[in-house]
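Each chain is listed here by its residues.
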Amino acid sequence: MLPLTLPDPAPLIQAGSVDSLMMALASVPEELRQKPERHVVMLRGRRRLLLLEGGSLRSAFPVAVGMPGWETPTGTFRVIEKIDQPIWVHPVTGERVEEQGPDNPLGSHWIAFHRDCLGRDAHDGETWVTIKGCTTTGFHGTPHRWTVGRAISHGCVRLYNEDVKSLYRQVSLGMGVTVLP
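Quick caveat: nothing in here was measured; it's all calculated off a predicted structure.

Visitor: I keep staring at the overall build of the protein and nothing clicks. Help me out?
Guide: For the protein, the helix and strand inventory stands at three helices and 15 strands. Across the 181 residues of the protein, 40% fall into the buried class. Here the contacts in the protein between residues at least 6 apart in sequence split such that 61% fall between residues at least 24 apart. For the protein, the accessible area works out to roughly 10100 Å², and carbon and sulfur atoms hold 55% of it.

Visitor: Where do I start with the environment of glutamate 37 in this structure?
Guide: The topology assignment puts glutamate 37 in the loop between α2 (30-33) and β1 (39-43). What makes glutamate 37 partly exposed here is its relative accessible area of 40%. For the pair glutamate 37 and glycine 54, spaced 17 residues apart in the sequence, the C-alpha separation amounts to 6.1 Å. When neighbours within four sequence positions are excluded, glutamate 37 is seen to be in contact with Leu52, Glu53 and Gly54.

Visitor: So what exactly am I meant to see when it comes to the side chain of threonine 137 here?
Guide: Relative to the elements of secondary structure, threonine 137 occurs in strand β12 (residues 135-140). Not counting residues within four places of it along the chain, the set of residues in contact with threonine 137 comprises Pro73, Trp110, Ala112, Phe113, His114, Gly155 and Cys156.

Visitor: Honestly, the sheet that holds β1 in this entry has me stumped. Any pointers?
Guide: Within a beta sheet, neighbouring strands are joined by backbone hydrogen bonds and run either parallel or antiparallel to one another. One open sheet holds the five strands; their spatial order is β3-β2-β1-β15-β5, and the pairing between them is mixed. Single-partner strands in this sheet number two, and they are β3 (56-62) and β5 (75-78). Averaged over all pairs of adjacent strands, the angle between their axes in this sheet comes to 20°, without regard to strand direction. Note: β1 against strand β2 (residues 48-53), five bridges, orientation antiparallel. Following the sheet pairing, histidine 39 is matched in β2 by leucine 52. Sheet strands in contact with helix α3 (residues 161-170) are β1, β2 and β3, and its direction is about 145° off that of β3.

Visitor: In this structure, what is going on with the environment of arginine 158? I would like to understand it.
Guide: Mapped onto the secondary structure, arginine 158 falls in strand β14 (residues 157-158). On the accessibility criterion, arginine 158 (15% relative accessible area) is buried. In this structure, the C-alpha to C-alpha distance between arginine 158 and valine 148, residues ten residues apart in sequence, is 6.4 Å. A distance of 3.3 Å separates a polar atom in the side chain of arginine 158 from a polar atom in the side chain of threonine 147.

Visitor: Whenever I open this one, the nonpolar core confuses me. Can you help?
Guide: Side chains of nonpolar character tend, in soluble globular proteins, to be buried together. Counting 21 residues, the largest nonpolar core has Val40, Phe139 and Leu167 as the members making the most contacts within it. Those elements giving two or more residues to this core turn out to be β1, β2, β9 (109-116), α3 and β15 (176-180). When residues of this core are assigned to their parent elements, the largest contribution, three residues, is made by α3. Formed by ten residues, the second largest nonpolar core is a distinct cluster that contains Val28, Leu32, Leu50 and Leu52.

Visitor: Explain the sheet that holds strand β6 (residues 81-84) here, please?
Guide: Reading across from one edge, β6-β9-β12-β14 is the order of the four strands in this open sheet, with mixed pairing throughout. In this open sheet, the two edge strands, each paired with only one partner strand, are β6 and β14. Two strands pair when backbone bridges link them, and β6 and β9 are joined in this way by four bridges, in the antiparallel orientation. Looking at the pairing, glutamate 81 lines up with alanine 112 of β9. The sheet contacts of α3 involve β6, β9 and β12, and relative to β9 the element is tilted by about 70°.

Rules of the game
- Residues numbered from 1 in each chain as written.
- Predicted model: local features only at pLDDT ≥ 70, side-chain atom pairs only at ≥ 80, totals over all residues.
- Heavy atoms only, no water.
- Helix = DSSP H or I, 4+ residues; strand = E, 2+ residues; numbered from the N terminus.
- Buried < 20%, exposed > 50% of the residue type's maximum accessible area, 1.4 Å probe, protein only.
- Contact = heavy atoms within 4.5 Å.
- Areas by Shrake-Rupley, 256 points an atom, 1.4 Å probe, with all protein chains shown as cover.
- Pairing = 2+ DSSP bridges.
- Axes fitted to C-alpha atoms, helices over the stretch in contact; angles between N-to-C directions.
- Polar contact = N/O pair within 3.5 Å; in protein donor to acceptor, adjacent residues only side chain to side chain.
- Core = buried A, V, L, I, M, F, W, Y, C linked by side-chain atoms within 4.5 Å.

Below you can see the structure in the form of structure tokens.
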């Protein structure tokens, strides 16, 4: 027979989250964990972003990553651009969304770390998309909270808006970014 009152699920969820975070941190190579300068390490497969400095974890955030065919690039990069209140430009139509809100898929902040000028030609799950010229990959907020934790973007890394605001304050231009598979 079940007890009349069920236990509060919050401590269980919090314990699972801490365990998951410790496992994520343990999966980061030692040389990255021990770098003295502040840097970002993103674990694409775990959908987790870590901000590390001098062997210490400063912050950790859940993220959404690129879908199959639009995978978030792996490798070593640097923060190349930071924009508060970014304007989104549709990569195919050129349509601009300047206001912050549910129509702006970039959310409140943009932190670019990779530029690719080879163009793209891939299916996005609904249509075939051809992009000529350069594309930029970065960390950004999202008005669609349900997407965080999934492989659903066109290569960028989505964070909750409150998390990207925190990350934005803690990173600087030129800071190292490592994206692991």
